[in-house]
Amino acid sequence: MTELRAIMTTEELALNIRRHAVNMCHLGKSSHVGAVLSMADILAVYYGSICAKRPSEPKWPERDRFILSKGHAGAGVYAVLAETGFFPVEELRTHYANGSRLSGHVSHKGVPGVEISTGSLGHGLPIGAGMAFAAKLDGKGHRVTVLLGDGECDEGSNWEAILFAAHHKLSNLVAIIDYNKLQSLCPVEETLALEPFADKWRAFGWQVVEVDGHDHDALRVALDVDPSTGGKPTCIIAHTVKGKGVSFMEHSVLWHYRNPQGVEYENAMAELGVTIDEK
Amino acid sequence: MRNEMIRVLMELAGANSNVILVTGDLGFGVFDEFVEKLPRQFLNAGIAEQNMTGLAVGMALEGKVVFTYSIGNFPTLRCLEQIRNDACYHGANVKIVAVGGGFTYGSLGISHHATEDLAIMRALPDITVVAPGDPVEAAAATRAICHTSGPCYLRLGRGGEPVVHGSGLDFKIGKAVTLFEGDDVALISTGGILHNALLARQALVDSGLSVGLYSMHTLKPFDSELVAELAVKTKLIVTVEEHTVIGGLGSAVAEITAQMSSTRARLKVIGLQDRFSSVVGDQEYLRDVYGLSVDKIVATVLDLWNGPRASMGLCPAGHSVVSVPVP
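Definitions and cut-offs
Residues numbered from 1 in each chain as written. Chains lettered and ligands numbered in written order. Predicted model: local features only at pLDDT ≥ 70, side-chain atom pairs only at ≥ 80, totals over all residues. Pairing = 2+ DSSP bridges. Helix = DSSP H or I, 4+ residues; strand = E, 2+ residues; numbered from the N terminus. Axes fitted to C-alpha atoms, helices over the stretch in contact; angles between N-to-C directions. Contact = placed C-beta atoms within 7 Å. Domains from an automatic or database assignment. Parallel < 35°, antiparallel > 145°, perpendicular 65-115°, else oblique. Left-handed = near helix turned anticlockwise from the far one by under 90°. pLDDT = per-residue confidence, 0-100. Buried ≥ 20, exposed ≤ 12 C-beta atoms within 10 Å, placed from the backbone. Nonpolar A, V, L, I, M, F, W, Y, C, P; charged D, E, K, R; others polar. Core = buried A, V, L, I, M, F, W, Y, C linked by C-beta atoms within 7 Å.

(A) Seen up close, the sheet that holds strand β4 (residues 207-212) of chain A. Residues and elements named next belong to chain A. With respect to topology, 5 strands assemble into an open sheet ordered β1-β2-β3-β5-β4, the strand pairing being parallel. With partners counted over all chains shown, the strands left at the sheet margins are β1 (65-68) and β4, one partner each. Direction aside, the axes of adjacent strands within the sheet are offset by 20° on average. With 6 bridges connecting them, strand β2 (residues 144-149) and strand β3 (residues 173-179) associate as parallel partners. Considered in β3, the bridge of L147 is made with I176. Against the sheet, helix α5 (residues 124-137) makes contact with β1, β2 and β3, and its axis sits at roughly 170° relative to β2, the strand it touches most.

(B) Fine view of the domain arrangement of chain B. All names here are of chain B. Looking at chain B, the domain boundaries give domain 1 (2-156) and domain 2 (177-311). For domain 1 versus domain 2, the distance between C-alpha centres works out to 27 Å. Facing the 25 residues of domain 1 at the interface are 29 residues of domain 2. When contributions to the side of domain 1 that touches domain 2 are tallied by element, the ones reaching two or more residues are α5 (117-122), β5 (128-130) and α6 (135-146).

(C) Just the packing of helix α2 (residues 10-28) of chain A against helix α4 (residues 74-83) of chain A, in detail. All names here are of chain A. Closest axis-to-axis distance for the α2/α4 pair is 9 Å, and the angle between their directions is 130°. As the angle between them shows, α2 and α4 are arranged oblique. When the axes of α2 and α4 are compared, the crossing they make is right-handed. On the side of α2, the interface is formed by L13, N16, I17, H20, A21, M24 and C25, while α4 contributes A75, G76, A79, V80 and E83.

(D) Expanded view of the confidence of the model for chain B. Residues and elements named next belong to chain B. Across chain B, the average pLDDT comes to 93, with 94% of residues at 70 or higher. Contacts for the low-pLDDT stretch residues 315-327, under 50 throughout, to residues beyond four places or in other chains number 26 contacts. For this predicted complex, the interface confidence reaches an ipTM of 0.95, while the overall pTM sits at 0.94.

(E) Quick look at the sheet that holds strand β8 (residues 185-190) of chain B. All names here are of chain B. Pairing is mixed in the open sheet, where 5 strands are placed in the order β7-β9-β8-β11-β12. What marks the edges here is a single partner per strand, and that holds for β7 (177-180) and β12 (266-272). The sheet shows a mean angle of 20° between the axes of neighbouring strands, direction not considered. Bridging between β8 and strand β9 (residues 211-215) involves 5 bridges; their strand directions are parallel. Following the sheet pairing, A186 is matched in β9 by G212. Strands β7, β8, β9 and β11 (236-244) of the sheet are contacted by helix α7 (residues 194-206), whose axis makes an angle of about 170° with β9.

(F) Representation of unusual backbone geometry within the structure. Residue P196 of chain A follows E195 of chain A across a cis peptide bond; omega there is -5°. Looking at the secondary structure, you find P196 of chain A in the loop between α7 (188-191) and α8 (197-203). That bond from K220 of chain B to P221 of chain B is cis: its omega, 0°, falls within 30 degrees of zero. The backbone phi angle of K181 of chain A is positive, close to 70°, even though this residue is not glycine. With respect to the helices and strands, the residue K181 of chain A is situated in the loop between β3 and α7. In this model, D25 of chain B sits at a positive phi of 60°, which is unusual for a non-glycine residue. Mapped onto the elements, D25 of chain B comes out in the loop between β1 (19-23) and α2 (32-37). Residue class for D25 of chain B comes out partly exposed when judged on the 15 C-beta atoms lying within 10 Å of it.

(G) Molecular detail of the packing of α2 of chain A against helix α3 (residues 33-50) of chain A. Residue and element names in this part refer to chain A. Interaxial distance between α2 and α3 falls to 8 Å at its minimum, and their mutual angle equals 145°. α2 and α3 meet at a crossing whose hand is right-handed. Residues T10, L13, A14, I17, R18, A21, V22 and C25 of α2 form the contact with α3, whose participating residues are V33, V36, L37, A40, D41, L43, A44, V45, G48 and S49. The residue inventory of the contact of α2 with α3, partitioned by class, reads 13 nonpolar, 3 polar and 2 charged.

(H) Geometry of the nonpolar core. If you look at the biggest cluster of nonpolar residues, it comprises 179 residues, and the most contacted ones within it are A21, L43 and A129 of chain A together with V22 and L187 of chain B. Among the elements that line this core, the one with the most residues is α3 of chain A, at 13 residues. Each of domain 1 (2-156) and domain 2 (177-311) of chain B accounts for three or more of the residues forming this core. Contact partners of A21 of chain A, with chain neighbours within four places excluded, come to V33, V36, L37, A40, A75, G76 and A79 of chain A.

(I) Structural view of the environment of E271 of chain A. All names here are of chain A. Mapped onto the secondary structure, E271 falls in helix α11 (residues 262-271). What makes E271 partly exposed here is the crowd of 15 C-beta atoms within 10 Å. Discounting residues that sit within four places of it in the chain, E271 has contacts with G245, V246 and S247.

This is how it looks when you write it as structure tokens:
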């Protein structure tokens, strides 16, 4: 099984993350499937071909650090960690279940490979900035990558960290924005407009890369940030589609909350290449 | 207290390069020597307490022992969720230092009155909460929290607090300091109000009472053992805190005594009565307004001792005190 995973392409990994996400939200009757589907390709490319890691030694000191700041999409992180060998894939079925260690919002307690528990938005980037600052102090060469939601950028704490990271030239810090343009109740631009978004990050002193968040080749190039050069932290604005991969979930606020059951579940899995017969 | 904290912190940081001091752009002049001697271990995070606390957690999880510093409620309430979710849940070695406990910055107004901090910090799981009573305790507490695993909250006064303890103080996190033993009344104090409690105790002794005095410098973990002992041994426990009566020292004592099968002592909680102070005044002035001056502590104790307690038959004959001496 481990060997099979080792030769998995990032496209296959992304598809598996999507299948797990739909399945986990179905079994757990839980929310946020759209938020997981939108970042599945980012996770697949990051864990599949960028991140320095040792699944058998999760706390390996030289690992790259990854923080999911949009903690409500924790199912995606659990899925990618299981698929890359941090813990058994079978455990994913316990997501949301009584007595499980896989809580709805991502938790590090007892889950190998999760650095930071999140769930309240706007926490990941300050912590990532601290990790990057400490790595610079100690002359260590690993990267710290924080994945944020777009709606999450409403939180002022992020902008405190954005100021801090640029001021201290944290070139080992990478912020990825899963920019799917939808937040909890309605489109981002109708809530608190972020545009001109890239210009804001540049004005704060960050290097900005805009990328199609579902294009694996483009993501591979964008995510491979050299932590030792540039003197600026990097923001990767990944343009994504919420619910990506399941046609009726795409671009839909409804699927931020709704969980797939019955025919919806069967159809979603069918679109991801899995035949389900619940009868 | 502040200067003692910084003196000890410099010593600790000098001996361990992983000890880092992060300020939220406060402490004008007081860190000059630290910055000069240990520039790589000092960081001004700016006026951004949420980021200060989050980044302190990030650094702590990478092996640092990070002291965050600010005044009043800024390093606690402004970033409460970062303390709860990030520092406490992750067991991060973040030591939160607040200068200006209680009415230290009295005249500056309610934004600068730290009068609910102990209750709020104490309610969080997996944190150590310390409010030293004088500069000697502040020095010892700084050393102790640096060597205590996980998040700690250190609530200080500012500067110029009277020294209460002599040399050789035996300071242990979670263990109150007994200054005097007494059979009638147990005065338990937390934080910088200790000196007033000391003077009040002397006045009460002068009026004929046997009064113990305890500095409860740690509110969490709490010295339940001492409280349980005093609840049986004495007739009246009086807690004194420059803080709301909700959730602080008095509440912590009540949580113990209320669950005991039998106690001898009645409890009186002296503190701020669930209100903001819109009165302008310096620390001593506000302490007096809210019943925390020496005179008022003495008067409260004597009223109780001579009043309802006596009528309840709990006050043995010969112990009743008529006059209220003012020190």
